Amino acid sequence: MSSISLASSVSSLSPNNGWIIQKFGGTSVGKFCEKICDDIVKIYSKTNRVAVVCSARSSKTKSEGTTSRLLRAADLASLDGDYQSILEIVREDHLQNAKDLIKDSTLLEGLIKDTNFECDQVLKLLHASQIIGEISPRTLDSIMSAGEKLSCLFMTALFNDHGLNATYIDLSTIIAPGLDLSRSGFDEKFYNNLAKSLGDKIRDLKSQDTIPVFTGYFGIVPGGLLNGVGRGYTDLCAALIAVGISADELQVWKEVDGIFTADPRKVPNARLLSSVTPEEAAELTYYGSEVIHPFTMEQVIKAKIPIRIKNVENPKGDGTIIYPDDVSRKGESTPPHPPQSFQKIPSSIFQKKKAATAITTKHDIIVLNVHSNKKVLSHGFLALIFQTLDKYKLVVDLISTSEVYVSMALQHTDDESSSRLLREAVQELKKLGSVDVTKNMAIVSLVGKQMKQFIGVASTMFSTLAENNVNIEMISQGANEINISAVIDEKDARKALQSIHTKLLEQSNAIPILNQKIESLKLDI
Ligand SMILES: Nc1ncnc2c1ncn2[C@@H]1O[C@H](COP(=O)(O)OP(=O)(O)O)[C@@H](O)[C@H]1O
Ligand SMILES: N[C@@H](CC(=O)OP(=O)(O)O)C(=O)O
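Because the structure is predicted, anything quoted here is derived from the model rather than measured.

Attention shifts here to the overall build of the chain. Helix and strand counts for the chain stand at 16 helices and 14 strands. Excluding contacts between residues fewer than 6 apart, the proportion of contacts in the chain whose partners are at least 24 apart in sequence is 77%. Total accessible area on the chain stands at roughly 23600 Å², and carbon and sulfur atoms take up 53% of it.

Here you go:
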């Protein structure tokens, strides 16, 4: 499809004010900045108002990206370590990138000046933290925000260098300093106020034909953005901008064509999904599929704004839409698909349909088993366990309990600070009973909104694991019935992913639908 036809294919997007919010992740900004400019933003801005939201650059992987480097430098500063060399790597990476790609001398000169200014600001914060010997959440946020500032300063310069009219907008001070989240946290009021402020940033643009380039970092949040939102906050920022301007679509641009039935880099037969529900997208993201930050969905879906996951390397693709399948879209009077139980039940109760939507794996999992010494009653036992986990910031992914046993699966990366927290937590849990830790585990999760209407999905999943000699350490099915998970040995993760995908997600292996609940609603036709 030519770029013109791509433009015409996007024109259908603008039934009203025509804004599209395009979010670009760190690795995309790091590896495909010119594609983003010439094949995406330039094309879409011919037929729609486009606002761009960028994450900090990651020239290779997210873990080696600018945000990770800044957080590492902050950690070193508080431990009196060598933070300067890491910061100089960040500075040099951005200066070299600017010199390589910005052709206009005036734009390049301004970008070099701004890049050095932001890096010097970070240096001052790191030096102060080294002297104090600690880093407050506010300081850490300020250090971390430099990543998005540097990448957006560059992208703005690149857009202007390529003939677009782009304006850099730093959101690091958009949240009023006096805001107190302690009582209510990130509640409706916080999101509504922030979305409105973000929308005002667009409405107040001096030139209404410019492309605003927003930093994905949206401000110093009491308690810190990392604690409050966590990594991947640019998705949420882009979502709130979309809500604030009542955009027609939020586009999250990645390096894959959309959301697949499994990680396409691990399962060759994985199929692209045309749409998933927000709940499915959240489960897939939480259990390893890095699709989109979970906080993102709620805000935009409430505003009836579809989210489209697209591939920077294949902008012509349709991608995957994240939208509820029983909520009308902006401008539609009724839901496009009335809930299944009120549909005319097909004459046959069997039809080829897949129970699950996708499968995913989450790695670096450990299992903590706590065997109660019965010194506390069971309700106190659980309470004390969760208090300890909260104290050491340990997040439980799966849990199974009995009267005297609690088994918990947690993600644990072996860095110094995480290991220290885990060690201290285990010591404290030993006051409640014996504790054993199993490492090198993984969680395999089957996700699908339809699963609750099927019988036999879990047994098929577990029998498939057994047939492939995969031992199960723990199992869990969410109360929402859209996630069935098992904790297995890390070495079996790829085999588990592929064998369950083959059995439950590939075309020829669809599980027949036998649904007594639907049957009981069968209308006399
Ligand atoms: N079900 C899935 N669908 C699509 N991608 C998936 C899925 N599960 C895991 N992934 C992986 O998620 C990653 C998405 O990362 P990436 O495209 O780099 O996004 P970003 O630029 O936001 O970091 C890819 O490496 C992809 O292989
Ligand atoms: N740069 C931040 C925010 C972010 O959202 O990044 P990405 O869009 O690459 O996941 C981080 O690394 O967490």
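In terms of nonpolar packing, the biggest core is built from 53 residues, with Ile 21, Phe 218, Ile 241, Leu 250, Ile 292, Ile 307 and Ile 322 touching the most fellow members. Tallying contributions element by element places helix α9 (residues 233–244) first for this core, with eight residues. Setting aside anything within four residues of it in sequence, one finds Ile 21 in contact with Ala 51, Val 53, Ala 238, Ile 241, Ala 242, Ile 245, Ala 247, Glu 249, Leu 250 and Gln 251. Grouped together as the second largest cluster of nonpolar side chains are 31 residues, Ile 40, Leu 101, Leu 158 and Trp 253 included.

Turning next to unusual backbone geometry. Of note, the phi angle at Asn 440 is positive, near 55 degrees, even though the residue is not glycine. In this structure, Asn 440 sits in strand β12 (residues 433–447). What makes Asn 440 exposed here is its relative accessible area of 59%. One non-glycine residue with positive phi stands out, namely Asn 469, at about 55 degrees. Tracing the sequence through the fold places Asn 469 in the loop between α14 (457–467) and β13 (472–477). Looking at Asn 469, the relative accessible area reads 65%, which means it is exposed.

Mapped onto the elements, Lys 439 comes out in strand β12. Residues Lys 439 and Gln 411, spaced 28 residues apart in sequence, show a C-alpha to C-alpha distance of 9.9 Å. When residues no more than four places from it in sequence are discounted, the contact partners of Lys 439 are Ile 365, Ile 366 and Asp 414.

Bringing the packing of helix α3 (residues 66–78) against helix α4 (residues 83–101) into the picture now. One can describe the packing of α3 onto α4 by two numbers: an axis separation of 8 Å at closest approach and a directional angle of 160 degrees. Of the possible angle classes, the one that applies to α3 and α4 is roughly antiparallel. Handedness of the α3/α4 crossing: left-handed. When α3 is examined against α4, the residues Thr 66, Arg 69, Leu 70, Arg 72, Ala 73, Leu 76 and Ala 77 are found in contact with a partner set consisting of Tyr 83, Ile 86, Leu 87, Ile 89, Val 90, Asp 93 and His 94. Among the residues forming the contact of α3 with α4, the class breakdown is nine nonpolar, two polar and three charged.

Residues Asp 364, Asp 414, Asp 415 and Glu 416 make up a contiguous surface patch of negative charge. Considering the arrangement of structural elements, one finds Asp 364 in strand β9 (residues 358–372). The class of Asp 364 is partly exposed, set by a relative accessible area of 43%.

All right, on to α4 then. For α4, with 19 residues, the first-to-last C-alpha span of 28 Å sits near the 27 Å given by 1.5 Å per residue. When we look at burial in α4, the residues that qualify are Tyr 83, Ile 86, Leu 87, Val 90, Arg 91, Asp 93, His 94, Leu 95, Asn 97, Ala 98 and Leu 101. On its buried face, α4 sits against α2 (26–44), α3, α5 (105–132) and α6 (137–161). One side-chain oxygen at the N-terminal end of α4 lies 3.4 Å from the backbone nitrogen of Gln 84; it belongs to Asp 82.

The eight strands are arranged β3-β4-β2-β1-β5-β7-β8-β6 in an open sheet whose pairing can be described as mixed. Two strands in the sheet have a free side with no partner beyond their single neighbour: β3 (166–169) and β6 (275–276). Looking at chain direction, strand β2 (residues 49–54) and strand β4 (residues 211–215) are connected through three bridges and run parallel. Each residue of the ladder has a partner; that of Val 53, found in β4, is Phe 214.

Right, let's talk about the confidence of the model for the chain for a bit. The pLDDT averaged across the chain works out to 86; a share of 86% of its residues lies at or above 70. Across residues 1–9, where pLDDT falls below 50, the model places 10 contacts with residues more than four positions away in sequence or in other chains. In this model, residues 338–352 is a region of pLDDT below 50 whose contacts with residues beyond four sequence positions or in other chains number 27 contacts. Model confidence for the complex is summarised by a pTM of 0.84, with the ipTM given as 0.95.

This part takes up the site of ligand 1. By nearness alone, 16 residues border ligand 1, and Lys 254, Glu 255, Phe 260, Asp 263 and Arg 265 come closest of all. Within the backbone of Glu 255, an N or O atom sits 2.8 Å from an oxygen atom of ligand 1. With the chains in place, 89% of the 570 Å² that ligand 1 exposes on its own is no longer accessible. Partitioned by chemical class, the residues of the shell around ligand 1 number five nonpolar, five polar and six charged.

In this structure the tally under the stated criterion is 17 salt bridges. Notably, a salt bridge pairs Lys 35 with Asp 39, separated by 3.8 Å at the nearest N-O pair. With a gap of four residues between them, Lys 35 and Asp 39 both fall in helix α2, about one helical turn apart. Residue Lys 35 is classed as partly exposed on the basis of its relative accessible area of 31%. In this structure, Asp 397 engages Lys 362 in a salt bridge whose closest nitrogen and oxygen atoms are separated by 3.2 Å. Taken together, the residues span a long stretch of sequence, with Asp 397 in strand β10 (residues 396–401) and Lys 362 in strand β9 at a distance of 35 residues. By sharing partners, the salt bridges in this structure join Glu 88, Arg 91 and Asp 120 into a single network.

Turning to the packing of aromatic side chains, a few remarks are in order. Following the criterion strictly, the structure yields five aromatic pairs and no others. Centre to centre, the rings of Tyr 217 and Tyr 233 are 6.0 Å apart; their planes meet at 85 degrees, and the pair counts as edge-to-face. Pair noted here: Tyr 217 is in the loop between β4 and α8 (225–228) and Tyr 233 is in helix α9, with a separation of 16 residues, a long-range link. For Tyr 217, a relative accessible area of 1% translates into the label buried. On the numbers, 5.0 Å between centres and 75 degrees between planes, the contact of Tyr 286 with Tyr 287 is edge-to-face. One aromatic cluster is present, built from ring pairs that chain together Phe 24, Tyr 44 and Trp 253. When the ring centre of Tyr 286 is taken as origin, the NZ or CZ atom of Lys 362, which lies over that ring, is 4.0 Å away. Seen from the ring of Tyr 287, Lys 362 lies directly overhead, with NZ or CZ sitting 5.8 Å from the centre.

What counts and what doesn't
- Residues numbered from 1 in each chain as written.
- Chains lettered and ligands numbered in written order.
- Predicted model: local features only at pLDDT ≥ 70, side-chain atom pairs only at ≥ 80, totals over all residues.
- Heavy atoms only, no water.
- Helix = DSSP H or I, 4+ residues; strand = E, 2+ residues; numbered from the N terminus.
- Contact = heavy atoms within 4.5 Å.
- Areas by Shrake-Rupley, 256 points an atom, 1.4 Å probe, with all protein chains shown as cover.
- Core = buried A, V, L, I, M, F, W, Y, C linked by side-chain atoms within 4.5 Å.
- Buried < 20%, exposed > 50% of the residue type's maximum accessible area, 1.4 Å probe, protein only.
- Axes fitted to C-alpha atoms, helices over the stretch in contact; angles between N-to-C directions.
- Parallel < 35°, antiparallel > 145°, perpendicular 65-115°, else oblique.
- Left-handed = near helix turned anticlockwise from the far one by under 90°.
- Nonpolar A, V, L, I, M, F, W, Y, C, P; charged D, E, K, R; others polar.
- Patch = residues over 30% accessible without salt bridge, like charges linked within 9 Å, V, L, I, M, F, W, Y side chains within 5 Å.
- Salt bridge = Lys/Arg side-chain N within 4 Å of Asp/Glu carboxyl O.
- Lys, Arg positive; Asp, Glu negative; His and termini not counted.
- Charge placed at Lys NZ, Arg CZ, Asp CG, Glu CD.
- Expected span 1.5 Å × (residues − 1).
- Polar contact = N/O pair within 3.5 Å; in protein donor to acceptor, adjacent residues only side chain to side chain.
- Pairing = 2+ DSSP bridges.
- pLDDT = per-residue confidence, 0-100.
- Near = heavy atom within 4 Å.
- Phe/Tyr/Trp six-rings, centres within 6.5 Å; stacked < 30°, edge-to-face > 60°.
- Lys NZ or Arg CZ within 6 Å of the ring centre and 35° of its normal.

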